[in-house]
Amino acid sequence: MSVNIDLAFTVTDVTDEAEATAIVSAVEELLREESIHLQVSLGVAVDDDGSYFVSGESDFPLGISRFYLWRPHFEGLFATTVTAVAPKAKPRIDWGYPDEEY
């Protein structure tokens, strides 16, 4: 059985634009490997204090089978992927459950 999931993530404590771009490239590859790259938008932004960050979100709910198994798998890969290119960056994933929201 699958469940509808909203995926949103941010990566903060990014040192500069080059590191942000490297994070985007690495996360894009992860999304491609997980076959959700066409369903998730991501990019680089600068906050009010001039700090770079990377963010992304699913364009619509993702239908994920066996989410209870996939979630820790994806969270681990996401953290490892970010840390590999930006050791001091802080990755965060926020999950939404649109079927539970009325």
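Up top is the structure.
Below or above, wherever it landed, is the structure these notes cover. Quick caveat, the model's predicted, so the values are computed rather than measured. Counting of residues starts from 1 at the beginning of each chain's written sequence and follows it residue by residue. The predicted origin of the model limits local features to residues at a pLDDT of at least 70 and limits the giving and counting of side-chain atom pairs to 80 or more, whereas totals for whole chains, interfaces and linings rest on all residues. Hydrogens and water molecules were not included; the side-chain quantities draw on all heavy atoms of the structure.

### Examining the environment of Leu7
Note the cut-off: Each helix is a run of H or I in the DSSP string that is no shorter than four residues. Each strand is a run of E no shorter than two, and both are numbered from the N terminus. For the exposure calls, accessible area comes from a 1.4 Å probe over protein chains only, and a residue counts as buried if that area is under 20% of its type's maximum, exposed if over 50%, partly exposed in between. The contact criterion used is simple: two residues touch if any of their non-hydrogen atoms lie within 4.5 Å.
Topologically, Leu7 is positioned in strand β1 (residues 2–14). Taking the relative accessible area as the measure of exposure, Leu7 reaches 1% and is therefore buried. Along the sequence, Leu7 and Glu33 sit 26 residues apart, while their C-alpha atoms lie 16 Å from each other. Aside from chain neighbours lying at most four places away, what touches Leu7 is Ile36, Val40, Gly56, Glu57, Ser58, Leu62, Phe74, Ile93, Asp94 and Trp95.

### A word on the side chain of Glu19
Within the fold, Glu19 resides in helix α1 (residues 17–33). Setting aside residues up to four positions removed in sequence, Glu19 forms contacts with Asp13, Val14, Val85 and Ala86.

### Side note on the pairing of strand β4 (residues 62–65)
The following threshold applies: Whether two strands pair depends on DSSP finding at least two bridges between them.
What you see with β4 is a clean split: Leu62 and Ile64 sit on the buried side and Gly63 and Ser65 on the side with no burial. Of the pairings in the sheet, the one linking β1 to β4 comprises 4 bridges and is antiparallel in character. Following the sheet pairing, Val3 is matched in β4 by Ile64.

### Quick look at the environment of Gln39
The topology assignment puts Gln39 in the loop between α1 and β2 (40–46). In this structure, the C-alpha to C-alpha distance between Gln39 and Glu57, residues 18 residues apart in sequence, is 8.5 Å. With sequence-adjacent residues up to four places away left out, Gln39 is seen in contact with Glu57, Ser58, Asp59, Phe60 and Leu62.

### What about unusual backbone geometry?
A positive phi angle, close to 60°, is found at Ser35, a residue other than glycine. Note on placement: Ser35 falls in the loop between α1 and β2. Its relative accessible area of 58% is what places Ser35 among the exposed residues.

### What to know about the packing of aromatic side chains
We count it as follows: Here a Phe, Tyr or Trp ring, Trp counted by its six-membered ring, pairs with any other such ring whose centre lies within 6.5 Å, and the pair is stacked when the planes are under 30 degrees apart, edge-to-face when over 60, and tilted otherwise.
For the structure shown, the criterion picks out 8 aromatic pairs. Summarising the aromatic geometry, the rings of Phe9 and Phe78 are spaced 5.0 Å apart at their centres and angled 55° between planes, so their arrangement reads as tilted. Taken together, the residues span a long stretch of sequence, with Phe9 in strand β1 and Phe78 in helix α2 (residues 67–85) at a distance of 69 residues. In this structure Phe9 comes out as buried when scored by relative accessible area, which is 2%. Seen from their ring centres, Phe67 and Tyr97 are 6.2 Å apart, and the 80° between their planes marks the pair as edge-to-face. Of the two residues, Phe67 sits in helix α2 while Tyr97 sits in the segment after β5 (90–96), which places them 30 residues apart along the sequence. Phe67 sits in the buried class, given a relative accessible area of 9%. With a relative accessible area of 27%, Tyr97 lands in the partly exposed category. Within the aromatic cluster, the residues linked to one another by ring pairs are Phe9, Phe67, Trp70, Phe74, Phe78, Trp95 and Tyr97.

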